[in-house]
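Geometric and topological summary
Residues per chain, in single letters:
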Amino acid sequence: MSALRSSVPHPSAAELHCWRLGTFGELRTLRAALREAIETHTAEVDDLFDKMAVVATELATNALRHGLPPTEVRLLREDDHLIIDVADHDLGTLPEVDADRPLGAGGLGLQLTKTFAIDVGWYRTEATKHVWASFPS
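Figured I'd write up the structure that's included with this text.

**Some details on the side chain of Thr-113**
When you line up the elements, Thr-113 lands in helix 3 (residues 109-116). The exposure class assigned to Thr-113 is buried, which follows from its relative accessible area of 0%. When neighbours within four sequence positions are excluded, Thr-113 is seen to be in contact with Val-55, Leu-59, Val-120 and Ala-133.

**Describing the pattern of salt bridges**
For the structure shown, the criterion picks out six salt bridges. Put simply, Arg-74 and Glu-15 hold a salt bridge, and the shortest N to O gap is 3.3 Å. A residue pair is termed long-range when its members are at least 10 positions apart, and Arg-74 in strand 3 (residues 71-78) and Glu-15 in strand 2 (residues 14-21) qualify at 59 residues. With a closest N to O distance of 3.6 Å, Arg-20 and Glu-72 form a salt bridge.

**Concerning unusual backbone geometry**
Going from Pro-69 to Pro-70, the amide bond is cis rather than trans, its omega being -5 degrees. Its location among the elements puts Pro-70 in the loop between helix 2 (46-66) and strand 3. Positive phi is not limited to glycine here, since Asp-79 has a value of about 50 degrees. By the secondary structure assignment, Asp-79 is in the loop between strand 3 and strand 4 (81-88).

**What about the side chain of Thr-57?**
Mapped onto the secondary structure, Thr-57 falls in helix 2. The exposure class of Thr-57 is buried, given its relative accessible area of 15%. When neighbours within four sequence positions are excluded, Thr-57 is seen to be in contact with Leu-27 and Arg-31.

**Observations regarding the sheet that holds strand 7 (residues 129-136)**
The five strands are arranged 2-3-4-7-6 in an open sheet whose pairing can be described as antiparallel. Where the open sheet ends on each side, the last strands, each with one partner, are strand 2 and strand 6 (119-124). Each adjacent strand pair in this sheet contributes to an overall mean axis angle of 20 degrees, direction not counted. The sheet contact formed by strand 6 and strand 7 spans six bridges and is antiparallel. Directly across from Tyr-123, in strand 7, lies its bridge partner His-130. Packed onto the sheet, helix 2 meets strand 2, strand 3, strand 4 and strand 7 and runs at close to 15 degrees relative to strand 4.

Reading guide: rules and limits
- Residues numbered from 1 in each chain as written.
- Predicted model: local features only at pLDDT ≥ 70, side-chain atom pairs only at ≥ 80, totals over all residues.
- Heavy atoms only, no water.
- Helix = DSSP H or I, 4+ residues; strand = E, 2+ residues; numbered from the N terminus.
- Buried < 20%, exposed > 50% of the residue type's maximum accessible area, 1.4 Å probe, protein only.
- Contact = heavy atoms within 4.5 Å.
- Salt bridge = Lys/Arg side-chain N within 4 Å of Asp/Glu carboxyl O.
- Pairing = 2+ DSSP bridges.
- Axes fitted to C-alpha atoms, helices over the stretch in contact; angles between N-to-C directions.

Here is the structure:
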């Protein structure tokens, strides 16, 4: 296993939207709202949305499954980047990529995130742990 790089994403990024999740059932609503938000903020929708939806869903699922509630998903923008930032309140665990996990064994969310995003990292605040992924818009 390897830890993600610790860094704050794009410090001057502006928050475009924020969704608070408490259950797995809210992931469908998140994806629909994310599509609408992406359509509002960029002309490139389909391919970008497909990648961002997978990443947002995977990171939110990880936070719901392994973190402490509430899970917060934010869509940020800085210049020509859209950023998904997912937070939970479990400060005791680090996000780790299991590069040796076989396909079909689950736990591939961070690997998919690293595949689809141009940059990925994580950071902590006093109250939350965040995992983020950046995409060109």
